[in-house]
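For reference, the chains in residue letters:
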Amino acid sequence: MSETELEDLISLDDIVLDDVYQYHMPPVRRIPPLLWTRIRRDLPNYLSEREADGSCPLQAILADFEDMVQHLTDSELIKQLNIVADGMRLGGVILAQHPDMLASQIIGRLLPVKDIYPRVKGLIEQCDNLGTQHCALVPAFHILHTPGGPLKYSLEGHPFAVFGFCLTSDQRFILTISNKFLMFDLMTGEITCDINPEIPGICKLLHLILMTSMLLLIQTTTR
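Quantities reported herein were computed from a predicted structural model and do not represent experimental measurements.

**A few points about the pattern of salt bridges**
For the structure shown, the criterion picks out seven salt bridges. Between Asp 8 and Arg 30 there is a salt bridge, with the nearest N and O atoms lying 2.6 Å from each other. You can see Asp 8 sitting in helix α1 (residues 3-11) and its partner Arg 30 sitting in the loop between α2 (14-20) and α3 (33-41), a full 22 residues away along the chain. By relative accessible area, which is 31% here, Asp 8 ends up partly exposed. Note that Arg 172 and Asp 185 form a salt bridge whose closest N and O atoms lie 2.7 Å from each other. Here Asp 185 lies in strand β3 (residues 181-185) and Arg 172 lies in the loop between β1 (164-167) and β2 (173-177), a separation of 13 residues in the sequence. Members of the salt-bridge network, linked through shared partners, are Glu 7, Asp 8 and Arg 30.

Set out below in structure tokens:
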């Protein structure tokens, strides 16, 4: 069973998805890639990986990373190896179908940490120089999610997917819309305003006009 099939299998478990999506309903109920990456890192002792059909799957490459980490003592090197491995896991769905896009995935995800980790920088430079031999789509900027990074707040409260959002002019609050309006304080992550207009349908195309420091004019349409 491939890693993609494992991800599909977990995504079929309604109990798991109900726990993941307690506060909102996404357009497609599927295990989030970031959550799967974290789960996958907790399972190395429960999975056995091997080559299939004469090819070397991504899982086998990641297993080599994990084996290498177990035999290293340099904490900085271990950290850099884990960042690269997590970046490859995040791109696992794409790489399973298009392995030639490895350079694109590494550059697109790890570019923000290029100047922090010297070995990652060397890898990115290799991908930049050699990646076009396999795939013409080599990004010049950070375009994909980078593994790791602190999660400050989880802005929860909408029972349905969010179809629009706006920041206030002072960058202090964010107003989001779905079937209702929620305003979050970005300093604390708390909901400061909860408005249910009781309009049939889902709100979209949000326009926010600051009238005064405490008064907002909200223009929107529904579908």
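Next comes the rest of the account.
**Topic: α3**
Looking only at α3, the buried set comprises Trp 36, Thr 37 and Arg 40. Here the buried residues of α3 occupy an arc of 105° about the axis, which is enough to place them on one side.

**Digging into unusual backbone geometry**
A positive phi angle, near 60°, is found at Gln 171, a position not held by glycine. With respect to the element layout, Gln 171 can be found in the loop between β1 and β2.

**Some thoughts on the confidence of the model for the protein**
On average, residues of the protein score 77 in pLDDT, and 79% of them are at 70 or above. Confidence drops under pLDDT 50 across residues 210-219; counting only partners more than four residues distant or on other chains, this segment forms 21 contacts.

**Regarding the sheet that holds β1**
The sheet built from four strands is open, its strands ordered β1-β2-β3-β4 with antiparallel pairing. Two strands close off the open sheet at either side, each with one partner strand: β1 and β4 (191-195). When the angles between neighbouring strand axes are averaged without regard to direction, this sheet yields 15°.

**Quick notes on the nonpolar core**
In this structure, Phe 65, Val 84, Met 88, Leu 110, Val 113, Val 120 and Ile 124 are the most contacted members of the largest nonpolar core, which totals 21 residues. Going through the elements one at a time, α4 (58-70), α5 (75-90), α7 (102-110) and α8 (118-130) are the ones with two or more residues in this core. At seven residues, the largest contribution of residues to this core is made by α5. Those residues in contact with Val 120 that sit more than four places away from it in its chain are Gln 80, Val 84, Leu 110 and Val 113.

**Focus: the pairing of β4**
Of the strand pairs in this sheet, β3 and β4 are connected by four bridges, and their pairing is antiparallel. Bridging from a neighbouring strand, Met 183 pairs with Cys 193 of β4. Between β3 and the antiparallel strand that follows it, β4, lie five residues; Gly 189 among them carries a positive phi value of about 80°.

**A closer look at a nonpolar patch on the surface**
A cluster of nonpolar residues, Leu 155, Leu 167 and Leu 186, forms a patch on the protein surface that exposes about 220 Å² of accessible area. Note that Leu 186 resides in the loop between β3 and β4. Using a relative accessible area of 31% as the deciding quantity, one classes Leu 186 as partly exposed.

**Details of the environment of Glu 3**
Along the chain, Glu 3 falls in helix α1. When the C-alpha atoms of Glu 3 and Gly 92 are compared, they prove to be 8.0 Å apart, with 89 residues separating the residues in sequence. Setting aside chain neighbours within four positions, we find Glu 3 in contact with Trp 36, Arg 40, Gln 59, Leu 62 and Arg 89.

What counts, and at which threshold
Residues numbered from 1 in each chain as written. Predicted model: local features only at pLDDT ≥ 70, side-chain atom pairs only at ≥ 80, totals over all residues. Heavy atoms only, no water. Salt bridge = Lys/Arg side-chain N within 4 Å of Asp/Glu carboxyl O. Helix = DSSP H or I, 4+ residues; strand = E, 2+ residues; numbered from the N terminus. Buried < 20%, exposed > 50% of the residue type's maximum accessible area, 1.4 Å probe, protein only. Arc of directions from axis to C-beta. pLDDT = per-residue confidence, 0-100. Contact = heavy atoms within 4.5 Å. Pairing = 2+ DSSP bridges. Axes fitted to C-alpha atoms, helices over the stretch in contact; angles between N-to-C directions. Core = buried A, V, L, I, M, F, W, Y, C linked by side-chain atoms within 4.5 Å. Patch = residues over 30% accessible without salt bridge, like charges linked within 9 Å, V, L, I, M, F, W, Y side chains within 5 Å. Areas by Shrake-Rupley, 256 points an atom, 1.4 Å probe, with all protein chains shown as cover.

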